[in-house]
Amino acid sequence: MRGRTPLAAAFLLLATACATGPSLENQGKVTAPPGDSRQLTVGSAGFTESDLLAQMYVLLLNQAGYKTSLITVANRELYEPALESGQIDVVPEYAATFADWLNAKTNGPDAPPVGSPDLDATMKALRRLVTPRGLTVLNPGRAVDQNAFAVSASYARRHHLKTLSDLGRSGLKVRLAAGDECVQRPYCAPGLRKTYGIDITAVDPKGVGTTQAKRAVQSGQDQMVLTTTTDATLDEFGLVLLADDKHLQNADYVVPVVNRARAGAPGVTKALNKLNAVLTTTDLATMNQQVDSWRRLATDVARTYLEDKGLLK
């Protein structure tokens, strides 16, 4: 990394970005050829996984001959307009979540979701939404960060559980540790009941993948916890994921999103596609663990991973 934008400057940059984004009358008109600025700003959303991805983007782009800086902005409502305006050039995103967010921004908060478990359909919808905004979504790789459900390893052994379908067929009553929104979200309690027939008796509002939620399942107070597929701490709590074998969760594959006018040329795509070709969900979980549990710096973990995979000289 060649430099991190100071926090005060970051907010000034983003305030400017929000004021200078594409005008509505120009949306939908993609006339300029893809640009290839040699100085690029990579954005991170501020949580561990986003930081790791952004650091890897920086290192790969540097190697490809670009001069890069990295900025951390934890709010999509701020960094997405900055991406449109070219104040930020590259960000790591998640296909289904970003598609639904842009769909709500474009068509209103009550617009039907466009993200789905179908990756091809999700990517088609996402590309349709980003193009009028001057953005390009690169191809997804193998890594996906989806909502996931975990139970204690002893509970899984006792009841012969490997999948969410197994849990539904068991008829067991399940108290679920999750965010309070789980009561209404279709991917959570309602979806578990409808798709898998799981008898969710209550949602214990302890948050998504929090230590408190995992301890509640570890102790037997709750039977299952909502977390993510890249949660690296499950072993520490004696928990295991149950496979989403009927694909309740959306296709939240990691996708780089770039400003087309500044970073849409083949050089950026080629550099970032090297990562997409090798990065897996397990790799992300392992790197998250090194940062969150082992307290290693994200930039060191990112560099070591790329070197181990032969992507950095």
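Refer to the structure printed above.
The shown structure was predicted, so the numbers you read here are calculated from the model rather than taken from an experiment.

Some thoughts on the packing of helix α2 (residues 48–63) against helix α13 (residues 298–308)
No. 1: Where α2 contacts α13, the axes come no closer than 9 Å and their chain directions differ by 55°. The orientation of α2 with respect to α13, classified from their angle, is oblique. Crossing angle aside, the handedness with which α2 passes α13 is right-handed. Of α13, the residues touching α2 (which contributes Asp51, Leu52, Gln55, Met56, Leu59 and Leu60) are Ala298, Thr299, Val301, Ala302, Arg303, Tyr305 and Leu306.
No. 2: Of the residues contributing to the contact of α2 with α13, the split by class is nine nonpolar, two polar and two charged.

Focus: the pattern of salt bridges
No. 1: Counting across every chain of the model gives twelve salt bridges.
No. 2: Note that arginine 76 and glutamate 93 form a salt bridge whose closest N and O atoms lie 2.7 Å from each other. Taken as a pair, arginine 76 in helix α3 (residues 76–85) and glutamate 93 in strand β3 (residues 90–94) lie far apart in primary sequence, 17 residues in all. Each member of the pair, arginine 76 together with glutamate 93, is buried.
No. 3: The salt bridge partner of arginine 169 is aspartate 166, with a shortest N-O separation of 2.6 Å. A residue pair is termed a helical-turn pair when its members lie 3 or 4 positions apart in one helix, as arginine 169 and aspartate 166 do in helix α7 (residues 164–170) at three residues.
No. 4: Given the relative accessible area of 18%, aspartate 166 is considered buried.
No. 5: Here the salt bridges do not stand alone but share partners, grouping Glu80, Glu84, Lys105 and Arg133 into one network.

Some words on the layout of surface pockets
No. 1: Its volume calculated, the largest pocket comes out at about 1400 Å³.
No. 2: Lining the largest pocket are 47 residues, with Thr97, Asp145, Asn147, Tyr187 and Asp252 sitting closest to its centre.
No. 3: Every element with two or more residues in the lining of the largest pocket is listed here: α2, α3, β3, α4 (95–107), β8 (224–228) and α12 (281–292).
No. 4: Considering each element in turn, the lining of the largest pocket owes the most residues, six residues, to α4.

Considerations on the environment of alanine 54
No. 1: Residue placement: alanine 54 occurs in helix α2.
No. 2: Using a relative accessible area of 0% as the deciding quantity, one classes alanine 54 as buried.
No. 3: Spatially, the C-alpha atoms of alanine 54 and threonine 299 are 9.2 Å apart, while their sequence positions differ by 245 residues.

So, the packing of α4 against helix α5 (residues 119–130)
No. 1: Packing of α4 against α5 leaves a shortest axis separation of 9 Å and a crossing angle of 40°. Comparing the axis directions of α4 and α5 gives the class oblique. Between α4 and α5 the crossing geometry is left-handed. Contacts from Ala95, Ala96, Phe98, Ala99, Leu102, Asn103 and Thr106 of α4 reach α5 at Thr122, Met123, Leu126, Leu129 and Val130.
No. 2: The residue makeup of the contact of α4 with α5, split by class, is nine nonpolar, three polar and no charged.

A closer look at the nonpolar core
No. 1: Ranked by internal contacts, the top residues of the largest apolar core, which has 35 residues, are Met56, Leu61, Leu279 and Leu306.
No. 2: Mapped onto this core, the elements with two or more residues apiece are β1 (39–44), α2, β3, β10 (254–259), α11 (266–276), α12 and α13.
No. 3: For this core, the leading source of residues is α2, giving nine residues.
No. 4: Residues within four places of methionine 56 in sequence aside, it is in contact with Leu275, Leu279, Met287, Ala302, Tyr305 and Leu306.

About the thresholds
- Residues numbered from 1 in each chain as written.
- Predicted model: local features only at pLDDT ≥ 70, side-chain atom pairs only at ≥ 80, totals over all residues.
- Heavy atoms only, no water.
- Axes fitted to C-alpha atoms, helices over the stretch in contact; angles between N-to-C directions.
- Helix = DSSP H or I, 4+ residues; strand = E, 2+ residues; numbered from the N terminus.
- Parallel < 35°, antiparallel > 145°, perpendicular 65-115°, else oblique.
- Left-handed = near helix turned anticlockwise from the far one by under 90°.
- Contact = heavy atoms within 4.5 Å.
- Nonpolar A, V, L, I, M, F, W, Y, C, P; charged D, E, K, R; others polar.
- Salt bridge = Lys/Arg side-chain N within 4 Å of Asp/Glu carboxyl O.
- Buried < 20%, exposed > 50% of the residue type's maximum accessible area, 1.4 Å probe, protein only.
- 1 Å grid on protein atoms, 1.4 Å probe; cavity = no way out; pocket = protein on both sides within 12 Å on 5 of 7 lines; lining within 4 Å.
- Points joined across faces, edges and corners; volume = space filled by probe spheres on them.
- Core = buried A, V, L, I, M, F, W, Y, C linked by side-chain atoms within 4.5 Å.

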